[in-house]
Every structure is written in structure tokens, then in C-alpha cells.
Amino acid sequence: TGTVAHLSGEEVLPGLKGRAAYAHGVRSVRPEATFLTTFCGHQHDPALAHDTAAAQISRGADVIFAMIDGGRDGVSRACRESGVRQIGNVLDWVARDPAVFLASAVADSSVCVEQAILDFAHGRWQPCQHRSFGLDQPAAVRLALHPAVPAALRTSVEDWAQRLLT
């Protein structure tokens, strides 16, 4: 339809950054697209999330990037009811629910925990040290894509990832 949406709960820095990244990606690929965005006010309310997603869908959104926790089921239900696809975050939602999810921005914190345990077990752990995990470690950070995503779009995503890394 040329209309996409972002939906999140509270207006917090991670949500703002995620929205900005998604909006930039949309503008880069399809600058004429209509971009809807809503912070519904609560991360864990499925009914509120459903109603918010349904409102975005009624305005033409056919893809919703939902950065929402306990409210996720509400967004998924709205997507199922209307045939709209969803992009998730944190977990690999494509693997969990491929009928609804087109993609998922995965941020697997277990990789960080595992690294801290290994550092401790091998005498390398030091307090107050900062370590970043990003696209250079796909086990921790990646974009999971549904198998139906066309090869050209997959290549575009991979190109963007390489541009970010360099």
C-alpha cells in the first residue's frame, strides 16, 4: 500500500532509536512511503496494542514494526485479523510465528551473559568494563528475515549491514 507503521509502548530512548532506524530504512528504500508511528503508552497491554495496531491498519499500514513486550499478542492478533505482516524485535519472531512475522530485529542478550560467564570461568572478567555487541556478532545482533523475503531485499539488507559495519 505504500504505508508502513511503527508501534511501541512508552516513549523511551530504545523505542525512539528503533523507530528512527526503521524510518531511515523506509526512507532509503521507498522515500514516498507514508510512515505512521504510535507510542500507545504501555508495553504490556495486549488490548491496547491490538486497538493501536488496528487503527494503524485502518489507515493503510500493511507492515507494522512493533517494539512492544507483553502487548505483542495484541499486535499479532490485529495482524492475523487483517493479513498485515509484522516486524518484531529482541527475539526471532520469524521462527516463532512465521505466518505473521516478515522480519525481526534480534538482540540476543544471552550471548552477552554467556561471554561474561566464560570470561569469569577463564579469569578474564573485570568489573566496570564495557563491551559492545553489534552486527559484527550475528549470534547477538541480526535481522531475521522470513524465507518469503525476496532475494533482492535480502541482498539490500546485507549491503546495509556491511555499510554499518564499515
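Counting restarts for each chain: residues are numbered from 1 in the order of the written sequence. Thresholds applied to this predicted model are a pLDDT of at least 70 for local features of residues and 80 or more for the giving and counting of side-chain atom pairs; totals over whole chains, interfaces and linings are not thresholded and use all residues. Side-chain metrics in this entry use all non-hydrogen atoms of the structure; hydrogen atoms and water are not considered.

Caption draft 1: Geometry of the packing of helix α2 (residues 46-58) against helix α3 (residues 72-82). Simply put, an axis is a line fit to the C-alpha atoms, just over the touching stretch for a helix, and the angle between two N-to-C directions goes from 0 to 180 degrees. The way it works is that DSSP assigns letters per residue, a run of H or I at least four long becomes a helix, a run of E at least two long becomes a strand, and they are numbered from the N terminus. Contact geometry for α2 and α3: axes closest at 7 Å, N-to-C directions at 40 degrees. Of the possible angle classes, the one that applies to α2 and α3 is oblique. Crossing of α2 against α3: the hand is right-handed. Counting all contacts with α2, which are made through P46, A49, H50, A53, A54 and I57, the residues of α3 involved are G74, V75, R77, A78, C79, E81 and S82. The nonpolar class holds Ala, Val, Leu, Ile, Met, Phe, Trp, Tyr, Cys and Pro. Asp, Glu, Lys and Arg form the charged class, and all remaining residues, Gly among them, are polar. Of the residues contributing to the contact of α2 with α3, the split by class is 8 nonpolar, 3 polar and 2 charged. Here the angle decides the label: under 35 degrees means roughly parallel, over 145 means roughly antiparallel, 65 to 115 means roughly perpendicular, and every other value means oblique. We call a crossing left-handed when the near helix sits turned anticlockwise from the far one by less than a right angle, and right-handed when that turn is clockwise. Two residues qualify as a contact provided that any one of their heavy atoms is within 4.5 Å of a heavy atom in the partner residue.

Caption draft 2: Molecular detail of the packing of aromatic side chains. The aromatic pairing rule takes the rings of Phe, Tyr and Trp, using the six-membered ring of Trp, and pairs them if the centres are within 6.5 Å, calling planes under 30 degrees apart stacked, those over 60 edge-to-face and the rest tilted. As enumerated under the stated definition, the model contains 3 aromatic pairs in all. Taking 5.6 Å as the distance between ring centres and 55 degrees as the angle between the ring planes, the aromatic pair formed by Y22 and F35 counts as tilted. With Y22 in helix α1 (residues 13-29) and F35 in strand β2 (residues 34-39), this pair connects stretches of sequence that are 13 residues apart. Residue class for F35 comes out partly exposed when judged on its relative accessible area of 27%. Feature note: the residues Y22, F35 and F65 constitute an aromatic cluster, connected by ring pairs. Of note, R96 hangs over the ring of W93, and the distance from its end group to the ring centre comes to 5.5 Å. Lysine NZ or arginine CZ positioned within 6 Å of the ring centre and within 35 degrees of the ring normal marks a charge as sitting over the ring. Over the ring of W160 we find R163; its NZ or CZ atom is 4.1 Å from the centre of that ring. Any residue under 20% of the maximum accessible area for its type is buried, any over 50% is exposed, and the rest in between are partly exposed; the area is computed with a 1.4 Å probe on protein chains only.

Caption draft 3: Spotlight on the nonpolar core. With 19 residues, the main nonpolar core has L7, A53, I64, I68, V75 and C79 as its most contacted residues. Counting residues per element, the ones that place at least two in this core are β1 (3-8), α2, β3 (63-67), α3 and α4 (93-96). Non-local contacts of V75, meaning those with residues more than four positions away in its chain, are made with L7, A49, H50, A53, I64, A66, I68 and Q86. What we call a nonpolar core is a set of buried Ala, Val, Leu, Ile, Met, Phe, Trp, Tyr and Cys residues that are connected through their side-chain atoms within 4.5 Å. Formed by 11 residues, the second largest nonpolar core is a distinct cluster that contains V26, A33, V63 and I87.

Caption draft 4: Structural detail: the sheet that holds strand β5 (residues 101-107). The sheet built from 6 strands is open, its strands ordered β2-β1-β3-β4-β5-β6 with mixed pairing. The open sheet has two free edges, formed respectively by β2 and β6 (141-145), since each of these has just one partner strand. Each strand axis lies, on average, 15 degrees off the axis of its neighbour in the sheet, ignoring direction. In the sheet, β3 pairs with strand β4 (residues 85-90) via 3 bridges, with the strands oriented parallel. Residue pairing for β4: F65 is matched across the bridge by I87. Pairing between strands requires that DSSP locate at least two bridges from one strand to the other.

Caption draft 5: Spotlight on the side chain of Q56. Within the secondary structure, Q56 sits in helix α2. Of the residues examined, Q56 reaches a relative accessible area of 3% and is grouped as buried. Side-chain atoms alone can form a polar contact between residues adjacent in sequence; in general such a contact is a pair of N or O atoms within 3.5 Å, and within protein one must be able to donate a hydrogen while the other accepts it. A polar atom in the side chain of Q56 sits 3.2 Å from the side chain of T38. Not counting residues within four places of it along the chain, the set of residues in contact with Q56 comprises A5, H6, L7, L36, T37, T38, A61 and I64.

Caption draft 6: View of helix α5 (residues 110-121). Taking 1.5 Å per residue as the helical rise, α5 with its 12 residues ought to reach 16 Å, and the 16 Å between its terminal C-alpha atoms agrees with that figure. Once α5 ends, the next one or two residues include G123, with phi positive near 70 degrees. Take the number of residues in a helix, subtract one, and multiply by 1.5 Å to get its expected span.

Caption draft 7: Main features of the pairing of β1. Extensive coverage of β1 is indicated by the burial of 6 of its 6 residues. Here β1 shows two buried faces, one formed by T3, A5 and L7 and the other by V4, H6 and S8. Across 6 bridges, the pairing between β1 and β2 is parallel. Bridging across to β2, V4 finds its partner in F35. Crossovers are described as right-handed under a simple rule: with the strands pointing away from the observer, the path leading from the first strand over the helix to the second runs clockwise. Where the polypeptide runs from β1 across α1 and back to β2, its parallel neighbour, the crossover connection is right-handed. Examined bridge by bridge, β1 and β3 share 4 bridges and lie parallel to one another. Note on β3: the bridge partner recorded for S8 is M67.

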